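Fold and contact review
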Amino acid sequence: MAKENLVTSLEDKLWAAADKLRGSIAASKYKDVVLGIIFLKYISDRFDQRYKELVAEGDGFEDDRDEYERFNVFYVPEKARWKHIIENATKPNIGQIIDEAFIAIEKENKKLAGVLPKIYSGADVDQRRVGEVVMVFENADTLLIEEDALGRVYEYFLGKFAFMLGQGGGEFYTPSSVVKLLVEMIEPYEGTIYDPCCGSGGMFVQAQKFVKAHGGNAYKLSVYGQELNAETRRLATMNLAIRGIEANLGKIHADTFHDDQFKDEKFDYILANPPFNISDWGQESLLNDPRWKWGIPAKGNANYAWLSHILTKLKPSKGVAGVVLANGSLSSQTSGEGNIRAKFIEEDLVDCIVALPDKLFFTTGIPVCLWFLRRGKKRKGEVLFIDARDKGTMISRKLRELEDNEIKTIADTYHKWLNNDGYQDEVGFCKSATLADIQKHDNVLTPGRYVGVKKITDDEPFEEKMEKLVSELADLMSESSVLDEKIKKSLGAIGYEF
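Within an unreviewed UniProt entry, the label attached to the protein chain reads site-specific DNA-methyltransferase (adenine-specific), and the organism entered is Brevibacillus composti. The Catalytic activity (unreviewed entry) comment attached to the protein chain in UniProt states, word for word, "a 2'-deoxyadenosine in DNA + S-adenosyl-L-methionine = an N(6)-methyl-2'-deoxyadenosine in DNA + S-adenosyl-L-homocysteine + H(+)". What UniProt records for the protein chain under Sequence similarities (unreviewed entry) is the sentence "Belongs to the N(4)/N(6)-methyltransferase family."

What about the packing of aromatic side chains?
Counting across every chain of the model gives 22 aromatic pairs. Each ring, one from Tyr194 and one from Phe267, has its centre 4.4 Å from the other, and the planes form 10 degrees; the classification is stacked. In this pair, Tyr194 sits in strand S1 (residues 191-195) while Phe267 sits in the loop between strand S3 (247-248) and strand S4 (269-272), placing the two residues 73 residues apart along the sequence. Note on Tyr194: relative accessible area 0%, which makes it buried. The aromatic ring of Tyr75 is capped on one face by Arg65, whose charged end is 4.1 Å from the ring centroid. Across the ring face of Tyr51, the terminal group of Arg81 is positioned such that the distance to the ring centre comes to 5.9 Å.

Regarding the pairing of strand S8 (residues 382-387)
Consecutive residues of a regular strand have side chains that alternate between opposite faces of the sheet. For S8, a buried count of 5 out of 6 residues is recorded, marking the element as mostly surrounded by other parts of the structure. Taken together, the 4 bridges between strand S6 (residues 350-355) and S8 define a ladder with parallel strand orientation. Bridging across to S8, Cys352 finds its partner in Leu384. By the bridge criterion, 5 bridges tie S8 to strand S11 (residues 430-434) in an arrangement that is antiparallel. In the sheet register, Val383 faces S11, and the bridge partner there is Ala433.

Some words on the side chain of Asp260
Checked against the element boundaries, Asp260 lands in the loop between S3 and S4. Only 2.9 Å separates the side chain of Asp260 from the backbone nitrogen of Phe262, close enough to count as a polar contact. Among the polar contacts listed, one links the side chain of Asp260 to the side chain of Lys313, at a separation of 2.7 Å. Residues within four places of Asp260 in sequence aside, it is in contact with Tyr194, Gln226, Asp255, Arg291, His309 and Lys313.

Here we look at the packing of helix H5 (residues 94-108) against helix H6 (residues 127-136)
Put simply, H5 and H6 touch, their axes get as near as 8 Å, and they point 60 degrees apart. Our classification of the angle between H5 and H6 gives oblique. Residues Ile94, Gly95, Gln96 and Ile98 of H5 pack against Gln127, Val130, Gly131 and Val134 of H6. In terms of residue class, the contact of H5 with H6 is made up of 4 nonpolar, 4 polar and no charged.

Quick notes on the side chain of Asn109
One can find Asn109 in the loop between H5 and H6. Here Ile105 takes part through its backbone oxygen, which lies 2.9 Å from a polar atom of the side chain of Asn109. Discounting residues that sit within four places of it in the chain, Asn109 has contacts with Phe74 and Tyr75.

Structural notes on the nonpolar core
Met185, Val354, Leu356 and Leu370 are the most contacted members of the largest nonpolar core, which has 49 residues in total. What Leu356 contacts, discounting residues up to four positions off in sequence, is Val178, Leu181, Pro367, Val368, Cys369, Leu370, Ala388, Arg389 and Leu402. Val73, Ile98, Leu116 and Val134 belong to the second-largest nonpolar core, a separate cluster that totals 44 residues.

Considering the environment of Lys91
Mapping Lys91 onto the fold places it in the loop between helix H4 (82-87) and H5. Along the chain, Lys91 and Arg128 lie 37 residues apart, while their C-alpha atoms are 7.7 Å from each other. Of note is the side chain of Lys91, whose polar atom sits 2.9 Å from the side chain of Asn88.

Things to note about helix H8 (residues 176-186)
In terms of burial, H8 is largely enclosed, as 8 of its 11 residues are buried. What H8 keeps buried is the set Ser177, Val178, Val179, Leu181, Leu182, Val183, Met185 and Ile186. Two residues or fewer past H8, Glu187 is found with a positive phi of approximately 45 degrees.

Quick word on the pairing of S4
Neither face of S4 is open: one carries Tyr269 and Leu271, the other Ile270 and Ala272, and all of them are buried. Here S1 runs beside S4; their pairing, made up of 2 bridges, is parallel. Within the sheet, the bridge partner assigned to Ile193 lies in S4 and is Tyr269. Remark: the S4/helix H11 (residues 303-313)/strand S5 (residues 320-326) crossover connection has right-handed handedness.

Re unusual backbone geometry
If you check the backbone angles, Glu187 has positive phi at about 45 degrees while not being a glycine. Position of Glu187 among the secondary structure elements: in the loop between H8 and S1. With a phi angle near 60 degrees, Asp348 is a residue other than glycine that sits in the positive phi range. Its location among the elements puts Asp348 in the loop between helix H12 (337-346) and S6.

What counts and what doesn't
Residues numbered from 1 in each chain as written. Predicted model: local features only at pLDDT ≥ 70, side-chain atom pairs only at ≥ 80, totals over all residues. Heavy atoms only, no water. UniProt positions renumbered as here; feature names shortened; annotations may be inferred. Phe/Tyr/Trp six-rings, centres within 6.5 Å; stacked < 30°, edge-to-face > 60°. Helix = DSSP H or I, 4+ residues; strand = E, 2+ residues; numbered from the N terminus. Buried < 20%, exposed > 50% of the residue type's maximum accessible area, 1.4 Å probe, protein only. Lys NZ or Arg CZ within 6 Å of the ring centre and 35° of its normal. Pairing = 2+ DSSP bridges. Polar contact = N/O pair within 3.5 Å; in protein donor to acceptor, adjacent residues only side chain to side chain. Contact = heavy atoms within 4.5 Å. Axes fitted to C-alpha atoms, helices over the stretch in contact; angles between N-to-C directions. Parallel < 35°, antiparallel > 145°, perpendicular 65-115°, else oblique. Nonpolar A, V, L, I, M, F, W, Y, C, P; charged D, E, K, R; others polar. Core = buried A, V, L, I, M, F, W, Y, C linked by side-chain atoms within 4.5 Å. Right-handed = clockwise from strand over helix to strand, strands pointing away.

Shown next as structure tokens:
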């Protein structure tokens, strides 16, 4: 099945599952109920696969936990296996059976201790509907989990139901194509990697894939992350655990600004997609924080607080960071943000800026940019600007995705520039600017200001072009006429004729 069809299939199942729950519990809990069941299905499927392999080998090791652990497969006790869950899906105590399954799994697998949701037997959870959700996933293809499906599921529910609840999608799951680009740019082969707002852990998953794809040893990359939301941190733990990624996510879920879990640590690599433009971040109680050495970030916008925090976390001579932010961060002059940006530039901390197209995120259609910050820059006194706003392909009416070849083009351009290896400015796409150039532009970092406008050649004969445009216009006018009639008919049916 094609990737798009697999994703559509998963989303159909998610919506079907949500339909089962609608009205019985708060919409904000849908994702917790569904995610737990998918996780249970996933680890049970992997266990069954390994169990059959061991039986086929005929050495009698199918009940030896070590034979599962060394293949990064969780040992699933009999009463937690999917077969047992399905057999009991229609019983009135299915919630209790699932909760007990999770308790049994945690007992057998220390990595999951205290992580799995035991919420299914709660008084506010309709047991019949929980059983129906289980049946929705009976034949689900859990191989999708390898494509960061847990994160995808989280994003799907967040976007869908945050909108319903009027929360506007305050948290973001980073789309895989954006994460791929970040990772390809900073190349985290080995050392320490940190995400101060790690969400479902997607950055770490992609970093591990990058290392493996380049023949490296993923165990040489130590993972550190922090997450404010307890449920999201739980999701990250589950997401990383099923991939065998050892991660330090701090002692507890906590606010990175107010309770930094890695206060004395410095990192080789930082990847981050902080929540854009958050206004209530508690600036007033952190006025004397040493992280604000370039200036106190605005009270009403945390963008520069994130950038300052990240800069202070980089190793002094070689740390590099890739950060997703709203485009406004490149040009804002309000509340001292322009002054902080000027100091970043003056201290030569900005390595590269990439402007991306709109519609890359599930929860917002706004275009975003990538900041690459580096300590101990190779190209001192220069910043590379890349304008990639014309990249990406619409994969649905509302969502765009960067293609692999586009990611490669952008990353290759950066590396050629970084290593002085055949890089050349390209009008409309990339430009290496000096700090003096940037200061002439009032320290605005919008790539379009530097790369210029690409010359568009139009070789189509005028007569042919006009003929095509007139034909398209005729089709649109015809369609408009049909729609007008439909609207009139619909309004007439409810007593509003005109």
